[in-house]
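# Structure at a glance
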Amino acid sequence: MRAQYRADGLTEPDLAAEPHEQFARWFKDAAAAGLHEPNAMVVSTADAAGRPSSRTVLLKAFDDRGFVFFTNYTSRKGRELGENPHISLLFPWHPLARQVIVIGTAARIGRDETAAYFRSRPHGSQLGAWASDQSSPVASRAELEHAYEELAARYPEGEQVPAPPHWGGYRVTAETVEFWQGRENRLHDRLRYVRTGGTWAIERLAP
């Protein structure tokens with residue numbers, strides 16, 4: 001299977017001065033194009049021995065400080081980030097023949113910020129964060145649903161659910177951000193921002 005990319009190119013003068021502004025432009029394009037969950041990203045982590053793992057997670061915020069997502073801190077990615085804070089984010093916007101690849105480090109955000117986001121989640125998602133011991137073996141689907149039903153009885157709809165202490169956000173501080181645009185004949189455009197001190201340098205990579 002092979003597709004021929006015929007998208008317009010990406011040149012250095014096209015780029016914003018810093019990567020988060022450029023990401024905002026492309027994210028807006030992805031949303032306007034009707035892509036399903038344009039905030040879905042592949043999050044890759046590695047344990048202390050360097051063994052990698054990947055999964056799809058939803059981006060919940062971004063600005064010049066970094067990219068934010070939420071998870072159970074005792075999940076596999078949470079445990080791995082505790083051992084090794086280095087992380088990669090990949091936004092696979094295939095219908096636009098675009099990818100964005102972020103390399104950096106992840107750190108937990110403050111509890112106030114986590115609590116504020118947790119309150120914005122649907123009631124069922126709040127209960128799910130308590131019911132699921134993410135990444136741990138569970139005996140059956142019935143056991144998981146029973147845990148959820150017990151929580152639903154304890155915290156009925158309309159009652160405030162506290163944010164679990166084992167659940168919260170990470171902010172990824174970027175070291176490099178690559179913008180990949182598919183082109184004809186596999187001569188893709190790859191422009192990468194590299195943090196050098198307090199500024200960003202831009203380099204073109206061979207496809």
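As a starting point, this report considers the structure included with it.

In this section: helix H3 (residues 111-120). Those residues of H3 that fall on the buried side of the exposure criterion are Thr114, Tyr117 and Phe118. Within H3, the buried residues cover an arc of 105° as seen down the axis, which keeps them to one side. Turned more than 90 degrees away from the buried face of H3 sit Asp112, Arg119 and Ser120, all of them exposed. Looking at the buried residues of H3, the elements they touch are strand S4 (66-72), helix H4 (123-131) and strand S7 (167-181).

The N-to-C vectors of H4 and helix H5 (residues 141-154) enclose an angle of 125°; their axes lie 9 Å apart at closest approach. When the interaxial angle is binned, H4 and H5 end up oblique. Considering only the axes of H4 and H5, their crossing is right-handed. Here H4 contributes Gly124, Leu127, Gly128, Trp130 and Ala131 to the contact with H5, which in turn contributes Leu144, Ala147, Tyr148, Leu151 and Ala152. Grouping the amino acids of the contact of H4 with H5 by side-chain chemistry returns eight nonpolar, two polar and no charged.

Attention now goes to the layout of surface pockets. Roughly 380 Å³ of volume is contained in the largest pocket. Considering the residues around the largest pocket, the lining is formed by 17 residues, among which Phe70, Thr71, Arg121, Gln134 and Trp167 are closest to the centre. Put simply, the parts of the chain that give the lining of the largest pocket at least two residues each are strand S2 (52-58), S4 and H4. Its residues assigned to classes, the lining of the largest pocket shows seven nonpolar, seven polar and three charged.

Ranked by size, the top nonpolar core spans 30 residues in total, and within it Phe69, Leu89 and Val100 carry the most contacts. With five residues, the single largest contributor to this core is S7. If near-sequence neighbours (up to four positions away) are discounted, leucine 89 is found in contact with Met41, Val42, Val43, Phe67, Val100, Ile101, Val102 and Val172. Listed in part, the twelve residues of the second largest apolar core include Ile109, Tyr117, Leu127 and Ala131.

Cut-offs applied
- Residues numbered from 1 in each chain as written.
- Predicted model: local features only at pLDDT ≥ 70, side-chain atom pairs only at ≥ 80, totals over all residues.
- Heavy atoms only, no water.
- Buried < 20%, exposed > 50% of the residue type's maximum accessible area, 1.4 Å probe, protein only.
- Helix = DSSP H or I, 4+ residues; strand = E, 2+ residues; numbered from the N terminus.
- Arc of directions from axis to C-beta.
- Contact = heavy atoms within 4.5 Å.
- Axes fitted to C-alpha atoms, helices over the stretch in contact; angles between N-to-C directions.
- Parallel < 35°, antiparallel > 145°, perpendicular 65-115°, else oblique.
- Left-handed = near helix turned anticlockwise from the far one by under 90°.
- Nonpolar A, V, L, I, M, F, W, Y, C, P; charged D, E, K, R; others polar.
- 1 Å grid on protein atoms, 1.4 Å probe; cavity = no way out; pocket = protein on both sides within 12 Å on 5 of 7 lines; lining within 4 Å.
- Points joined across faces, edges and corners; volume = space filled by probe spheres on them.
- Core = buried A, V, L, I, M, F, W, Y, C linked by side-chain atoms within 4.5 Å.

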